[in-house]
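Given next are the chains, with one letter for each unit.
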Amino acid sequence: MRKLLVTGVSGFLGWNICREAKGSWDVHGTVFSNPVKMRGVNTVRIDLTDFKAFNEVFNGIGPDAVIHTAAATSPNYCQEYPAESEEINIDAAVNLAGLCADKKIPFVFTSTDLVFDGLNAPYKEEDPVCPVNIYGEQKVMAEEGILKRYHSAVVCRMPLMFGEPATTGSGFFQSMIKALKEGDELRLFHDEFRTPVSGQTAARGLLLAVNKAEGLLHLGGKERVSRFNFGLLMMDILNVSEASLVRCSQKDLKMSAPRAPDLSLDSSRAFALGYDPKSLREQLEECLEAWI
Ligand SMILES: NC(=O)c1ccc[n+]([C@@H]2O[C@H](COP(=O)([O-])OP(=O)(O)OC[C@H]3O[C@@H](n4cnc5c(N)ncnc54)[C@H](OP(=O)(O)O)[C@@H]3O)[C@@H](O)[C@H]2O)c1
């Protein structure tokens, strides 16, 4: 089997990619502060900002393709620690693209819908970028650096993702399930829109991109939804009362990183390649199966 190297397999997306790729790839993964072990995946613990060490690991594995998901992923953290986050979000990503370029192997980078300002959705790949926070700016710089270094690289802009976390993590989705099930108050924006997909759907899109794409590719879902309506849909599937859900506005919450209103992606290019997300309800039902 061909060797696939996935960075960040202790994170949400990396873990989901490993689950999807096992069976058709010989999967190798990197972890950093959370040294998780996964059955069927050879994991290596490494700080990807240590380029010399990573170079050795890379050559030791000899991958046939790479999907790079490792990153500082909290916009608020990046806003407060721009220098620290830049090392992993820009420098490591461009260096890794360079290693793949030298070997002429597929390289897929996970960027974000946050490269846009949210004022002109839905966004196509060729629309001009205009991030509103430092995390988005770092992703734009990584995208540009990667494509300059390696024309055949694939830059996938990911939407909001939900689903089962890696063994170490828990994300917004798990907090929502807990609040809904326990009847705690859940405040959700009615004025922030995304095109979300499950981690499994995103993983399938990225694996498709390894073989079929080049350049920019949007991997959003087929439905545009506000965070509030996303919560309503979850309540309906979980069959819990609507009493604890509170409609609120982006301006009600003060956060370090500014937020964009509508980051919906137009992913028709990926759909034409065979990326085929199920309806949001179906994806949510699959993810919530354990709780229904
Ligand atoms: N989740 C979303 O909704 C979403 C939306 C749009 C785009 N994205 C993008 O998708 C990618 C994956 O996101 P995610 O949600 O899976 O992130 P995540 O759960 O926060 O995981 C981040 C991963 O990066 C690793 N990492 C961080 N710093 C590292 C370093 N210096 N060296 C090596 N590894 C390091 C972490 O390792 P340890 O845990 O072991 O420290 C972890 O495995 C990211 O590029 C993110 O920007 C995510």
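As a starting point, this report considers the structure included with it.

The rules behind each value
- Residues numbered from 1 in each chain as written.
- Predicted model: local features only at pLDDT ≥ 70, side-chain atom pairs only at ≥ 80, totals over all residues.
- Heavy atoms only, no water.
- Patch = residues over 30% accessible without salt bridge, like charges linked within 9 Å, V, L, I, M, F, W, Y side chains within 5 Å.
- Areas by Shrake-Rupley, 256 points an atom, 1.4 Å probe, with all protein chains shown as cover.
- Salt bridge = Lys/Arg side-chain N within 4 Å of Asp/Glu carboxyl O.
- Lys, Arg positive; Asp, Glu negative; His and termini not counted.
- Charge placed at Lys NZ, Arg CZ, Asp CG, Glu CD.
- Helix = DSSP H or I, 4+ residues; strand = E, 2+ residues; numbered from the N terminus.
- Buried < 20%, exposed > 50% of the residue type's maximum accessible area, 1.4 Å probe, protein only.
- Disulfide = S-S within 2.5 Å.
- Contact = heavy atoms within 4.5 Å.
- Near = heavy atom within 4 Å.
- Polar contact = N/O pair within 3.5 Å; in protein donor to acceptor, adjacent residues only side chain to side chain.
- Nonpolar A, V, L, I, M, F, W, Y, C, P; charged D, E, K, R; others polar.
- Phe/Tyr/Trp six-rings, centres within 6.5 Å; stacked < 30°, edge-to-face > 60°.
- Lys NZ or Arg CZ within 6 Å of the ring centre and 35° of its normal.
- Axes fitted to C-alpha atoms, helices over the stretch in contact; angles between N-to-C directions.
- Parallel < 35°, antiparallel > 145°, perpendicular 65-115°, else oblique.
- Left-handed = near helix turned anticlockwise from the far one by under 90°.
- Core = buried A, V, L, I, M, F, W, Y, C linked by side-chain atoms within 4.5 Å.

**Some details on a negative patch on the surface**
A contiguous patch of negative charge on the surface is contributed by Glu 84, Glu 86, Glu 87 and Asp 91. Tracing the backbone shows Glu 86 in helix H4 (residues 82-103). Classification of Glu 86 as partly exposed rests on a relative accessible area of 35%.

**What to know about the environment of Arg 19**
By the element assignment, Arg 19 lies in helix H1 (residues 12-21). Along the chain, Arg 19 and Gln 200 lie 181 residues apart, while their C-alpha atoms are 8.3 Å from each other.

**Thoughts on the state of the cysteines**
As used in these notes, a disulfide is a covalent bond between sulfur atoms, one from each of two cysteines. Evaluated as defined, the whole model comprises zero disulfides. Cys 100 provides the cysteine sulfur closest to Cys 18, a residue in no disulfide bond, and the two sulfurs are 16 Å apart. Note on Cys 18: relative accessible area 0%, which makes it buried. We note that Cys 287 lacks a disulfide partner, and the nearest cysteine sulfur, in Cys 18, lies 17 Å from it.

**Structural notes on unusual backbone geometry**
Backbone torsion omega between Ala 121 and Pro 122 reads 0 degrees, so that peptide bond is classified as cis. Its place among the elements puts Pro 122 in the loop between strand E5 (107-112) and helix H5 (134-149). Of note, the phi angle at Lys 104 is positive, near 60 degrees, even though the residue is not glycine. Topologically, Lys 104 is positioned in the loop between H4 and E5. Of note in the backbone geometry, Asn 239 takes a positive phi value of approximately 60 degrees without being a glycine.

**Describing the environment of Pro 75**
Note that Pro 75 resides in helix H3 (residues 75-80). For Pro 75, a relative accessible area of 24% translates into the label partly exposed. Beyond its immediate stretch of four places on either side in the chain, Pro 75 contacts Leu 114, Asn 133, Tyr 135 and Ala 257.

**Focus: the site of the ligand**
Among the 27 residues in the neighbourhood of the ligand, the closest are listed as Ser 10, Leu 13, Ser 33, Thr 73 and Tyr 135. Between the ligand and Asn 34 there is a distance of 2.9 Å, counted from an oxygen atom to a side-chain nitrogen or oxygen. Take Leu 48: an N or O atom from its main chain is 2.9 Å from a nitrogen atom of the ligand. Relative to its free-state accessible area of 910 Å², the ligand is covered by the protein chains to the extent of 85%. Elements with a minimum of two residues in the shell around the ligand: H1, E5 and H5. A per-element tally of the shell around the ligand places E5 first, with three residues. A per-class count over the shell around the ligand returns 14 nonpolar, 11 polar and two charged.

**A few points about the packing of aromatic side chains**
Enumeration over the complete set of coordinates arrives at eight aromatic pairs. A connected cluster of aromatic rings, assembled from ring pairs, spans Phe 162, Phe 172, Phe 173 and Phe 230. Cation over ring: Lys 222 sits above Phe 271, and NZ or CZ is 5.2 Å from the ring centre. Seen from the ring of Phe 228, Arg 247 lies directly overhead, with NZ or CZ sitting 5.8 Å from the centre.

**Re the packing of helix H6 (residues 172-182) against helix H8 (residues 227-238)**
The N-to-C vectors of H6 and H8 enclose an angle of 55 degrees; their axes lie 11 Å apart at closest approach. Here H6 is positioned oblique relative to H8, judged by the angle of their axes. The chirality of how H6 crosses H8 is right-handed. Seen from H6, the contacting residues are Phe 172, Phe 173, Met 176, Ile 177, Leu 180 and Lys 181; seen from H8, they are Arg 227, Phe 230, Gly 231, Met 234, Met 235 and Leu 238. Of the residues assigned to the contact of H6 with H8, the class counts are nine nonpolar, one polar and two charged.

**Here's the deal with the nonpolar core**
Within the largest apolar cluster, 36 residues are counted, with the highest numbers of intra-cluster contacts made by Phe 54, Phe 58, Val 66, Phe 107 and Ile 146. When residues of this core are traced back to their parent elements, those giving at least two are helix H2 (51-61), H4, E5 and H5. Ranked by the residues each element gives to this core, the list is headed by H4, at eight residues. Every residue in contact with Phe 54, bar those within four places of it in the chain, is listed here: Leu 5, Thr 30, Ile 46, Leu 48, Leu 96 and Leu 99. If you look at the next biggest cluster of nonpolar residues, it comprises 35 residues, including Ile 67, Ala 166, Val 210 and Leu 217.

Shape is all these values report; function is a separate question.
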